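Letter by letter, the chains look like this.
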Amino acid sequence: MAPKIKHILDEKRLVVTLGHVELFEELIEPCREIFDEAFSAGVYDIILDMSDAETMDSFFLAMLVLLYKEVSSHGGEVKLVGTNERLCDILDRVRFRKLFNVYPTMQDALQ
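Residues numbered from 1 in each chain as written. Predicted model: local features only at pLDDT ≥ 70, side-chain atom pairs only at ≥ 80, totals over all residues. Heavy atoms only, no water.

S.K.: Looking at this structure, how should I read the packing of aromatic side chains?
M.R.: What describes a pair of aromatic rings is the distance from one ring centre to the other and the angle between the planes of the rings. Counted by the stated rule, this structure contains 3 aromatic pairs. Centre to centre, the rings of F96 and F100 are 5.9 Å apart; their planes meet at 55 degrees, and the pair counts as tilted. Each member of the pair F96 and F100 is classed as buried. Each member of the aromatic cluster is reached from another via a ring pair, and the members are Y68, F96 and F100. (Phe/Tyr/Trp six-rings, centres within 6.5 Å; stacked < 30°, edge-to-face > 60°. Buried < 20%, exposed > 50% of the residue type's maximum accessible area, 1.4 Å probe, protein only.)

Spelled out as structure tokens, the structure:
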């Protein structure tokens, strides 16, 4: 299945909508291409909309760590939006909620 990823890049931020139930390894390369586009434009504030996601694998978690390191090294921030209870549990288990701000809605993340 082809990745259903949408993104909006402006001069201030990148918003990525991950239209997948499962955030697995197959999404890493398409996401990386989108992130590289933002980094080339000097944009290091990123919002990942995970509203459609139900689970993620260790490969996707590793990508989040690499994204966090790149973004934070340039003074930026990664915000996660719409994480359900299961995703929050995964993020808590690996202590990622210390790295990422998690918001219930896109409106909250944009403020």
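S.K.: Sorry if this is basic, but what is going on with a negative patch on the surface here?
M.R.: Judged by side-chain charge, E22, E25, E26 and E54 come together as a negatively charged surface patch. Its place among the elements puts E25 in the loop between β3 (22–23) and α1 (28–40). (Patch = residues over 30% accessible without salt bridge, like charges linked within 9 Å, V, L, I, M, F, W, Y side chains within 5 Å. Areas by Shrake-Rupley, 256 points an atom, 1.4 Å probe, with all protein chains shown as cover. Salt bridge = Lys/Arg side-chain N within 4 Å of Asp/Glu carboxyl O. Lys, Arg positive; Asp, Glu negative; His and termini not counted. Charge placed at Lys NZ, Arg CZ, Asp CG, Glu CD. Helix = DSSP H or I, 4+ residues; strand = E, 2+ residues; numbered from the N terminus.)

S.K.: Help me understand the pairing of strand β1 (residues 5–9) in this model?
M.R.: A regular strand places its side chains on the two faces of the sheet in alternate fashion. Where β1 lies against strand β2 (residues 14–18), 5 bridges are found, and the strand directions are antiparallel. Looking at β2, one finds that I5 is bridged to L18. In sequence, β1 turns back onto β2 through a hairpin of 4 residues. (Pairing = 2+ DSSP bridges.)

S.K.: Looking at this model, I keep getting lost on the confidence of the model for the chain. Mind explaining?
M.R.: Detail in the predicted coordinates should be disregarded across regions flagged by low pLDDT. Summing up the model confidence of the chain, the mean pLDDT is 93 and the portion of residues at 70 or higher is 97%. Taking the mean pLDDT of every element in the chain, the minimum, 91, falls on β3 and the maximum, 98, on strand β4 (residues 45–49). (pLDDT = per-residue confidence, 0-100.)

S.K.: Just to check I follow, could you spell out the pairing of β4 for this structure?
M.R.: Counting buried positions along β4 yields 4 of 5 residues, so the element is predominantly enclosed. Pairing of β4 with strand β6 (residues 77–81) involves 5 bridges; the strand directions are parallel. The residue of β6 that forms the bridge with L48 is L80.

S.K.: Help me out: how do you make sense of the nonpolar core in this one?
M.R.: For soluble globular proteins, nonpolar side chains are generally found buried alongside one another. In this structure, F35, L48, M50, M56, F60 and L64 are the most contacted members of the largest nonpolar core, which totals 32 residues. Sorting the residues of this core by element identifies β2, α1, β4, α2 (58–72), β6 and α3 (85–93) as the ones contributing at least two each. Excluding residues that lie within four positions of it along the chain, F35 makes contacts with L14, V16, I46, L48, M63 and L67. Counting residues in hydrophobic clusters, the runner-up holds 5 residues, among them V15, I47, Y103 and A109. (Core = buried A, V, L, I, M, F, W, Y, C linked by side-chain atoms within 4.5 Å. Contact = heavy atoms within 4.5 Å.)

S.K.: What is the right way to look at the sheet that holds strand β7 (residues 101–103) in this model?
M.R.: The strands that make up a sheet are held in pairs by hydrogen bonds between backbone atoms, and each pair lies either parallel or antiparallel. Strand order in the open sheet formed by 5 strands is β1-β2-β4-β6-β7, and the pairing between neighbours is mixed. Each edge of the open sheet is held by one strand with a lone partner, namely β1 and β7. For this sheet the average axis-to-axis angle between neighbouring strands, irrespective of direction, equals 20 degrees. (Axes fitted to C-alpha atoms, helices over the stretch in contact; angles between N-to-C directions.)

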